[in-house]
Amino acid sequence: MAAAEGQTSSQSSHKRASPEKTSAEKTSAEKTWHEVVLQTLKRNDIRLVPYVPDRVLTTLIKDLHADPFFTTFPTAREEEAVGIVSGAWMGGLRGAVLMQTSGFATLANVLASLAIPYQIPLILFVSERGTLGEFNYGQSLVCRTMRPVLDSLAMEHHTATRLDEFEFIVDRSIKQAIATQAPVALILSPLLTGGKVFDK
Amino acid sequence: MNKPANAPARNTKVMNRFDLTSRLVAKLKHQEAVIGGIGNTNFDLWAAGQRPQNFYMLGSMGLAFPIALGVALAQPKRRVFALEGDGSILMQMGCLSTIATLQPKNLTMIVMDNGIYQITGAQPTPAAVVSDIVAIAIGCGLANSAWAADEEDFERLVDQSLSASGPSLIGVRIDDKPGTGATRRDPVQIRERFMLGLGVREAL
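Residues numbered from 1 in each chain as written. Chains lettered and ligands numbered in written order. Predicted model: local features only at pLDDT ≥ 70, side-chain atom pairs only at ≥ 80, totals over all residues.

**Observations concerning the overall build of chain B**
Worth spelling out the cut-off: A run of H or I in DSSP becomes a helix once it reaches four residues, and a run of E becomes a strand once it reaches two; helices and strands are each numbered from the N terminus.
Per the secondary structure count, chain B includes nine helices and eight strands. The principal-axis extent of the C-alpha atoms belonging to chain B is close to 60 × 40 × 30 Å.

This is how it looks when you write it as structure tokens:
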């Protein structure tokens with residue numbers, strides 16, 4: 001699902017805070033979105049991060065591997081990763097799963113038969129393909145199934161588009177998932193990550 | 001088609017799921033965790049005695065080994081067993097490679113192989129005649145994988161797995177009998193009791 005075609009857009013414009021922002025906003029704005037994910041996972045003691053890779057997630061995955069705080073590894077399928085973090089949570093170890101839109105599309109059964117009915121605080125990060133410059137028609141079609149599936153299961157989900165509110169969304173969503181023992185999907189929009197564009 | 005490479009399986013006695021599950025449960029003296037896969041596999045685990053360290057799957061076919069891997073990673077000092085059907089493992093074969101890569105020392109996987117989807121009407125699986133699940137596991141990198149020749153051999157392989165330096169997989173050929181009991185279908189209570197049993201939670 002993570003084909004080598006295309007490239008991740010640069011997000012360097014987000015790295016500099018504009019002068020009129022407050023100092024608190026500057027701190028947040030000076031981080032990249034993937035630094036926010038890593039640090040917020042760490043602050044919430046989420047140590048186990050299995051994933052099925054995506055081009056947009058490349059730097060995040062590399063940084064998770066480089067940090068001994070995290071146990072991170074690839075799985076063959078997204079539902080396998082969901083099973084692993086579900087078991088780990090029941091054993092007292094918190095986890096989150098990274099994937100792409102097309103990977104989320106394989107999860108309806110495990111959400112409906114494991115995470116939701118057993119009340120497991122499953123935390124999903126979904127790199128959004130299929131919109132805002134998609135070049136593969138199949139990706140844009142499967143993307144349209146994602147929110148209807150989440151809504152039909154009444155599952156909490158947020159689409160993150162802005163760096164300045166991203167840390168708030170991630171931190172509060174993780175805390176809510178754990179406190180209410182309900183899964184959450186955090187969809188990483190190309191507006192946040194730059195997405196993947198076909199430019200070669 | 002190639003000649004099936006499952007000569008050891010052909011020489012393996014056809015056993016019974018409930019009998020083997022009962023033999024396993026009788027050996028558990030140290031609050032070992034047991035994950036029971038969907039359907040008859042967890043029905044027989046339920047019938048063999050409802051330990052607080054048992055987790056019963058009421059769906060998510062194929063995820064007994066991944067769930068057990070998660071428990072094993074979370075609690076490396078606790079022995080974790082996973083019971084799975086052959087049809088289930090066919091749905092999630094990639095997890096064998098994940099487990100082979102991570103090499104958890106405290107995980108024992110048991111595959112109950114009857115070659116059929118017993119619970120849906122005993123239809124044969126696509127693997128039934130041609131595939132050797134233990135050979136597949138070895139091919140995935142799980143070197144410590146073996147067919148149990150009979151009940152005594154099964155018990156020996158279980159004992160052996162307890163002192164293995166990596167994960168173990170035990171294949172058992174079973175008959176076409178349905179499960180002995182029926183798990184109470186209450187996911188929240190199953191999960192909460194399991195967490196109590198693992199010492200993660202205190203009772204309300």
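On we go from here.
**Comments concerning the nonpolar core**
For soluble globular proteins, the rule of thumb is that nonpolar side chains tend to be buried together. The condition that has to hold: One nonpolar core equals one set of buried Ala, Val, Leu, Ile, Met, Phe, Trp, Tyr and Cys residues connected by C-beta atoms within 7 Å. Partly exposed residues are those falling between the two cut-offs: more than 12 but fewer than 20 other C-beta atoms within 10 Å of their own, whereas 20 or more means buried and 12 or fewer means exposed, with C-beta atoms placed from the backbone. For every residue pair, C-beta atoms are placed from the backbone, and the pair is scored as a contact if these atoms sit within 7 Å.
Residues Val-85, Leu-124 and Leu-186 of chain A together with Ile-35, Ala-68, Val-71 and Ala-82 of chain B are the most contacted members of the largest nonpolar core, which totals 112 residues. Element by element, the count of residues in this core is highest for helix α4 (residues 64-74) of chain B, at nine residues. In contact with Val-85 of chain A, other than residues within four places in its own chain, are Leu-48, Pro-50, Gly-95, Ala-96, Val-97 and Leu-122 of chain A together with Gly-70 of chain B.

**Overview of the environment of Gly-87 of chain A**
Here Gly-87 of chain A is to be found in helix α4 (residues 78-90). Among the residues examined, Gly-87 of chain A registers 33 C-beta atoms within 10 Å and is labelled buried. When the C-alpha positions of Gly-87 of chain A and Ile-120 of chain A are compared, they lie 9.4 Å apart, and in sequence the two are 33 residues distant. Leaving out residues up to four positions away in the same chain, Gly-87 of chain A has contacts with Pro-66, Ile-67, Ala-68, Leu-69, Gly-70 and Val-71 of chain B.

**Looking at the interface of chain B and chain A**
Selection criterion: Side-chain classes follow a simple rule in which Ala, Val, Leu, Ile, Met, Phe, Trp, Tyr, Cys and Pro form the nonpolar group, Asp, Glu, Lys and Arg form the charged group, and the remainder, Gly included, forms the polar group.
Across the contact, 27 residues belong to chain B and 25 residues belong to chain A. Put simply, the parts of the chain that give the side of chain B that touches chain A at least two residues each are α4, α6 (94-102) and α9 (187-197) of chain B. Tallied by class, the residues present in the side of chain B that touches chain A amount to 17 nonpolar, nine polar and one charged.

**A few points about α4 of chain B**
Counted residue by residue, α4 of chain B has 11 buried out of 11 residues, so it is predominantly covered. For α4 of chain B, the full list of buried residues reads Ala-64, Phe-65, Pro-66, Ile-67, Ala-68, Leu-69, Gly-70, Val-71, Ala-72, Leu-73 and Ala-74 of chain B.

**Digging into the packing of helix α2 (residues 17-27) of chain B against helix α8 (residues 151-162) of chain B**
Between two packed helices, the angle of one axis relative to the other and the distance separating the axes together describe the packing. Residues and elements named next belong to chain B. Quick reminder of the rule: What counts as an axis is a line fitted to C-alpha atoms, over the stretch in contact for a helix, and the angles between N-to-C directions run from 0 to 180 degrees. Should the near helix be turned counterclockwise from the far one by less than a right angle, the crossing is left-handed, whereas a clockwise turn marks it as right-handed.
Viewed as axis vectors pointing N to C, α2 and α8 meet at an angle of 35 degrees, and their least axial separation amounts to 11 Å. Helix-helix and strand crossings are classified by hand; for α2 and α8 the assignment is right-handed. Residues Asp-19, Leu-20, Arg-23, Leu-24 and Lys-27 of α2 form the contact with α8, whose own contacting residues are Glu-151, Phe-154, Glu-155 and Val-158. Its residues placed into classes, the contact of α2 with α8 shows four nonpolar, no polar and five charged.

**Topic: the pairing of strand β3 (residues 71-74) of chain A**
Residue and element names in this part refer to chain A. Rule in force here: At least two bridges found by DSSP between two strands are what make those strands a pair. Crossover handedness is defined by viewing with both strands directed away from the observer: a clockwise path from the first strand over the helix to the second marks the crossover as right-handed.
Sheet topology places strand β2 (residues 46-51) next to β3; four bridges connect them, and they run parallel. Along β3, the bridge assignment pairs Leu-48 with Thr-71. Crossover connection from β2 via helix α3 (residues 58-66) to parallel β3: handedness right-handed.

**Notes on the pairing of strand β6 (residues 123-127) of chain A**
Residue and element names in this part refer to chain A. Among the five residues in β6, five count as buried, and that is most of the element. Two elements, strand β5 (residues 97-100) and β6, share four bridges in a ladder whose sense is parallel. Counterpart to Leu-98 in the pairing with β6 is Phe-125. Bridging between β6 and strand β8 (residues 184-188) involves five bridges; their strand directions are parallel. The residue of β8 that forms the bridge with Leu-124 is Ala-185.

**Comments concerning unusual backbone geometry**
All names here are of chain A. Unlike most non-glycine residues, Gln-119 shows phi in positive territory, near 55 degrees. The residue Gln-119 is located in the loop between α6 (108-115) and β6 in this model. Positive phi, normally seen in glycine, also occurs at Leu-132, with a value near 55 degrees. Tracing the backbone shows Leu-132 in the loop between β6 and α7 (137-152). Owing to 14 C-beta atoms within 10 Å, Leu-132 belongs among the partly exposed residues under this scheme.

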